[in-house]
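Chains, contacts and geometry: an overview
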Amino acid sequence: METLFYKKHYIWEKINKEMKEEVFKVAGDYKKFIDASKTERLSVNEIIRQAKEAGFKNFKDQDKIKHGDKLYYINKEKAAVLVVVGKDDIEKGMNIVGSHVDSPRIDLKQNPLYEDHGITLLKTHYYGGIRKYQWVAIPLALYGTVVKENGEVIDIAIGDDENDPVFYITDLLPHLAKDQNDKKLSEAIEGEGLNVIIGSLPAEGKDDEKKFKLNVLKILNEKYGMIEEDFLTAELEIVPAGKARDVGIDRGMIMAYGHDDRVCAYTSLRAILELDSPQKTAVALFADKEEVGSNGNTGMHSMFFNNMIAELIATINNGNYSELLLKRALENSHMLSSDVAAGVDPTYPQVTEIQNAAIMGKGVSLVKYTGSRGKSGANDANAEYIGKLRKLFNENDVVWQTAELGKVDQGGGGTIAYIMANYNMDVVDLGVPVLSMHAPYEIVSKTDVYMTYKAYKTFYNNF
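Since the structure is predicted, the reported quantities are computational estimates derived from the model, not experimental observations.

This next bit is on the packing of aromatic side chains. Using the criterion set out here, one finds ten aromatic pairs in the structure. Geometrically, the ring pair formed by Phe459 and Phe463 is tilted, given 5.3 Å between the ring centres and 40° between the ring planes. Directly above the ring of Tyr114 sits Lys123, whose terminal nitrogen or CZ lies 4.4 Å from the centroid.

Ordered in space as S8-S7-S10-S5-S6-S9, the six strands form an open sheet in which the pairing is antiparallel. At either end of the open sheet lies a strand with only one pairing partner, and these are strand S8 (153–158) and strand S9 (196–199). Neighbour-to-neighbour, the strand axes of this sheet turn through a mean angle of 30°, independent of strand direction. Of the pairings in the sheet, the one linking strand S5 (residues 105–116) to strand S10 (residues 234–240) comprises two bridges and is antiparallel in character. From the neighbouring strand, Asp107 faces S10, where its bridge partner is Glu237.

Another aspect to go through is helix H11 (residues 446–462). An ideal rise of 1.5 Å per residue puts 24 Å on 17 residues; H11 measures up with 24 Å between its terminal C-alpha atoms. Of all the 17 residues making up H11, 14 are buried; the element is thus mostly covered by neighbouring parts of the structure.

Of note, Lys148 is situated in the loop between strand S7 (140–147) and S8. A polar contact of 3.2 Å, which involves the side chain of Lys148, links it to the backbone oxygen of Gly225.

If you look at the biggest cluster of nonpolar residues, it comprises 60 residues, and the most contacted ones within it are Leu82, Phe286, Leu336, Leu389 and Tyr460. If you look at the next biggest cluster of nonpolar residues, it comprises 34 residues, including Phe167, Val196, Phe231 and Leu236.

On to the side chain of Asp261. Structurally, Asp261 can be placed in helix H6 (residues 259–273). A polar atom in the side chain of Asp261 sits 3.1 Å from the backbone nitrogen of His100. In this structure, Asp261 is in contact with Ser99, His100, Asp102, Ser103, Ser338, Asp339 and Val340, ignoring residues within four places of it in sequence.

Once that is clear, we can look at the pairing of strand S13 (residues 281–287). Each regular strand shows side chains that alternate between the opposite faces of the sheet. A large share of S13 lies buried, amounting to seven of its seven residues. Alternating positions in S13 separate into two faces, Thr281, Val283, Leu285 and Ala287 on one and Ala282, Ala284 and Phe286 on the other, with burial throughout. Note that strand S3 (residues 79–84) and S13 share five bridges and pair antiparallel. Looking at the pairing, Val83 lines up with Val283 of S13. Note: strand S4 (residues 94–100) against S13, seven bridges, orientation parallel. Its bridge partner being in S13, His100 is matched across the sheet by Ala287.

For the rest of this paragraph, the subject is the sheet that holds strand S18 (residues 400–402). The mixed open sheet is built from nine strands, whose spatial order is S1-S2-S3-S13-S4-S14-S20-S16-S18. Two strands bound the open sheet, and with one partner strand each, they are strand S1 (57–58) and S18. Two elements, strand S16 (residues 364–367) and S18, share three bridges in a ladder whose sense is parallel. Across the sheet, residue Ser365 finds its bridge partner in S18, namely Gln401. Sitting on the sheet, helix H2 (residues 40–53) is in contact with strand S2 (70–75), S3 and S13, with an inclination near 20° to S3. Each of S2, S3, S4 and S13 touches helix H7 (residues 304–316); the most contacted strand, S3, lies at about 30° to it.

Relative orientation of the contacting elements H7 and helix H8 (residues 323–331) amounts to 115°, with a least axis distance of 10 Å. Looking at the two axes, H7 sits roughly perpendicular to H8. In this structure, the crossing between H7 and H8 has a hand that is right-handed. Of H8, the residues touching H7 (which contributes Phe305, Asn306, Ile309, Ala310 and Ile313) are Leu325, Leu326, Ala329 and Leu330. By residue class, the composition of the contact of H7 with H8 is eight nonpolar, one polar and no charged.

The rules behind the values
What you see as residue numbers is a count from 1 along each chain, following the sequence as written. Side-chain atom pairs in this predicted model are given and counted only at pLDDT of 80 or more, local residue features only at pLDDT of at least 70, and totals for whole chains, interfaces and linings cover all residues. As a rule here, side-chain values cover all heavy atoms of the structure and leave hydrogens and water aside. Ring pairs are drawn from Phe, Tyr and Trp, using the six-membered ring of Trp, whenever the two centres fall within 6.5 Å, and their geometry is named by plane angle: stacked under 30 degrees, edge-to-face over 60, tilted for the rest. Put simply, a charge is over a ring when the Lys NZ or the Arg CZ is close to the ring centre, within 6 Å, and near the line of the ring normal, within 35 degrees. Pairing between two strands requires that DSSP report at least two bridges joining them. Per the convention used, a helix needs a DSSP run of H or I reaching at least four residues, while a strand needs a run of E reaching at least two, with both numbered from the N terminus. Structural elements are reduced to axes, namely lines fitted to C-alpha atoms, with helices fitted over the stretch in contact, and the angle between N-to-C directions of any two is expressed from 0 to 180 degrees. What a helix is expected to span follows from its residue count: subtract one and scale by 1.5 Å. Exposure is judged per residue with a 1.4 Å probe applied to protein chains only, and the accessible area is read against the type maximum: over 50% gives exposed, under 20% gives buried, and values in between give partly exposed. N or O atoms closer than or at 3.5 Å make up a polar contact, with two conditions inside protein: a donor-capable atom paired with an acceptor-capable one, and, for residues adjacent in sequence, both atoms drawn from side chains. Nonpolar core, defined: a set of buried Ala, Val, Leu, Ile, Met, Phe, Trp, Tyr and Cys residues in which side-chain atoms within 4.5 Å join the residues together. What makes two residues a contact is simply this: any of their non-hydrogen atoms within 4.5 Å. Small angles under 35 degrees read as roughly parallel and large ones over 145 as roughly antiparallel, with 65 to 115 read as roughly perpendicular and the rest as oblique. Take the far helix as your reference; a near helix turned counterclockwise from it by less than a right angle gives a left-handed crossing, and one turned clockwise gives a right-handed crossing. Throughout, the ten residues Ala, Val, Leu, Ile, Met, Phe, Trp, Tyr, Cys and Pro are labelled nonpolar, Asp, Glu, Lys and Arg are labelled charged, and all others, Gly among them, are labelled polar.

Now the structure itself:
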């Protein structure tokens, strides 16, 4: 009679000692990856670095492409695609795992620098769905790219080296926070109040009103050759300072900034790097701008992926290309939308419906539909596709679970799944459960990270 019931299992119940060691090895490698990937640009840099080490070649440099070729493609330094060419004609479809490499953060405004009451600060504009109160009174780092008037590109990274200073957004002391305490949590910290301290000393020998701001400009000029106008042509991001850390005395979890969605980026990267000779062409897609609606020329609403596949088809076919071949290749493809799921938090179980929620440590989470309330904006994958994945994962000892994003009327969210489903390909969300999603520091289980990697590798090799 027990076989009639459905039961979720903790991964530890399903693996032996040797596999436990592999779990911790994969987790250790992931921590190195996410420490090197504090921004979408740095994520792409690290992805391409590892791809080159694994023998991947620049797609744009290839005159001929054949089965077994390993290729990489970079879009605007913020999105990337890795491809391992399969034995089947590409018009028969691809196996795609698609993640995103942007994360919620705080961006600097174009003209950010000012001084007030002896302190120099930066004005900001937050990016994505942050809870603003979580970003005050913590150590912060500054990363980004500055393009000078002469075209020179400068990369900035301050706050994560042990010898670096950090940055800081202040909060009120409790003794004077009466009015703030009376506000709703979402309004207690205002967007225009997320001003970042960058300096507090005046320029030597200066007695004018802007001597504090001037001192910061002098330091930036000495170190990077910057002038204030260079902020206008820069992309600078404020992110939490600090490296990934193990959580718990048993070291079973990982705390880091940007698990959403770099944990899925890493697991799909690792899976495709280990792929040699697939039957179907395998694709790892790393998109930008998901946290703000997937718009812009690096988001999935852009045509960059379609254009890249069109070029791939043309090169494989010695210049012969038709739009019909592209449409067939996309429609016949199968995709795992590689994005994180909301794990059940034992401190806040009331926001989830436990029977249909992701439990930490019980495996990679398959989310049939996202959206909000009445499935608004959802992809809602079909049963036939999920049935094939169920069989695939069960036969290959992938520990998996189904989940949804909280109680029906509690809220909601979305991924890139619905965008890719517009090509009529089969798509479903499959990724790592996360606690404290969108907080400056999020938490994942090492077991779930490992099982997600195994799921993607199984999908590439056997679907």
